[in-house]
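# Structure assessment
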Amino acid sequence: MPRNLYEGSILKNIGIFSVPFLIANFLQTLYGMADLFIMGQFTDAAGITAVAVGSQVMHFVTVILIGLTMGVTVLMGQAVGAKRHKSLSRILGNTVLLFTAFGGLLMAALLALAPQIVKLLSTPTAAVEGTTAYLIICFLGIPFITVYNVIAAAFRGLGDTKSPMYFVTAACVINIGLDFLFVGPLHMGASGAALATVLSQLLCVIMTVVAIKTQKVRFGIPLSRRDLRPCKPLLASLAKIGFPVACQEGFIQVSFLFITLIANSRGLEIAAAVGVVEKIICFLFLVPSAMLSSVSAISAQCIGAGRDDRARQTLYCGMGIAAGFGLFCGILFQFISEPVMALFTDDLQVITYGTQYLHAYVFDCMVAGIHFCFSGYFCACGLSIVSFVHNAISILTFRVPGAYLASIWYPDTLFPMGIATLTGSFLSVLICMGVYIFIRHRS
């Protein structure tokens, strides 16, 4: 049954929602980090680069899917807040229709474009074969990623983040075990890492569907054939909220891919260093991402219940948590960046370049945490287009141009490239503050 998140302590509600979501996302991120760690123990820099580049492409695909599912989270949250529980089945049914078609088309398109994607990213020659094999196997698993994220988004709309956490936990344990088997004793390299990831995702979907069918978890949304009939207003609402968020996430990931391309063109060691740092940053960004989803889901219920004041208070609380965590990480990693890099590789050049990049890049966790929370709030208000706009402006004016110029002006260090990313996030925060003040003034 739906969980009421629009009454009671705001901080408690954020904790109830965000902690299981944070754990689930941590475990999902652990998939990629485990791939890199295990590859580092059994292969060379070429193997690390293959998985680093390939997993970044897959992260791009995954966040696009998660962004699209924001529509179902927000619409369900608003329905729960307004106590329109009968409409939940129709929302879910149309979501299934939309994502079944999208997932199949996406898989077919990416499989056809796999070699071109590897070439486009200027993947070092030594890593081309491994990267291509990794991507082809992972692209075959896109339907499983799609199904899981649709179900997880529905759970979040109902205020339940615990159930998805249980399934991801089991899948993560399976993934790590298969990684050691395929990459270690079986010597399958990047292909083994990809196969382990896809099989664990398939098992995660199977466990989720079986648990819902057998009522091991309380999903609370009966689905009939009537609910699967296309409803144009619902499909339009799902697209209106989810599409700008997906474009926003796509823009962000495209900027990361451009940075990867720039790094790949600078040599194998820098490519490996940037790949490892991106994994570490993805791990640190779990808290800002959890705050984005928490602010979005809780604010949607508050707005559905007519409690706009509670929605704003949720935004402020989320920003405080995200910014505080980011500042702590920024200070901490000035001292521990080198030993953390050493966990992934013993190549001294890779460690040196990665440490330089982390010292600047890590502060983005604090600044981005603020505009992440603004994005969650705008989505709950049905203004997800704002999130897309501020991220697009940030990327086109600072992130990508700054990284390119830093590679030319400072060829011997990665520190300025981290500063370019941080500057882009500052611009996003300023735009979000301006839009928020305008909305408040207009209302």
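Report follows, based on the coordinates. Predicted model only: the values in this text are computed from it and were never measured.

Once that is clear, we can look at the packing of aromatic side chains. A full pass over the atoms with the stated rule returns seven aromatic pairs. Relative to Y436, the ring of Y316 has its centre 6.3 Å away and its plane inclined at 85 degrees; by these criteria the two rings are edge-to-face. In this pair, Y316 sits in helix α12 (residues 308-342) while Y436 sits in helix α16 (residues 415-442), placing the two residues 120 residues apart along the sequence. Here the aromatic residues Y316, F374, Y377, F378 and Y436 are joined through ring pairs into a cluster of three or more.

Turning to the pattern of salt bridges, a few remarks are in order. In the structure shown here, the tally under the stated rule is two salt bridges. Two residues, R307 and D309, come together in a salt bridge whose shortest N-O distance is 3.5 Å. Look at R307 and you get partly exposed, because its relative accessible area is 33%. On the accessibility criterion, D309 (33% relative accessible area) is partly exposed. The partner of R399 in a salt bridge is D364, with the nearest N and O atoms 3.9 Å apart. With R399 in helix α15 (residues 384-409) and D364 in helix α14 (residues 364-380), this residue pair connects regions lying 35 residues apart in the sequence.

Looking at the element boundaries, V205 is found in helix α8 (residues 189-213). The class of V205 is buried, set by a relative accessible area of 10%. Taking the C-alpha atoms as reference points, V205 and F415, 210 residues apart in sequence, are found 41 Å from one another. Non-local contacts of V205, meaning those with residues more than four positions away in its chain, are made with F144, V147 and Y148.

Moving on, we get to helix α6 (residues 142-157). Helix length check: α6 (16 residues) gives 23 Å between terminal C-alpha atoms against 22 Å at 1.5 Å per residue, within 8%. Burial within α6 is extensive, with 13 of its 16 residues counted as buried. Looking at the residues trailing α6, positive phi occurs at G159, about 85 degrees.

Rules and cut-offs
- Residues numbered from 1 in each chain as written.
- Predicted model: local features only at pLDDT ≥ 70, side-chain atom pairs only at ≥ 80, totals over all residues.
- Heavy atoms only, no water.
- Phe/Tyr/Trp six-rings, centres within 6.5 Å; stacked < 30°, edge-to-face > 60°.
- Helix = DSSP H or I, 4+ residues; strand = E, 2+ residues; numbered from the N terminus.
- Salt bridge = Lys/Arg side-chain N within 4 Å of Asp/Glu carboxyl O.
- Buried < 20%, exposed > 50% of the residue type's maximum accessible area, 1.4 Å probe, protein only.
- Contact = heavy atoms within 4.5 Å.
- Expected span 1.5 Å × (residues − 1).

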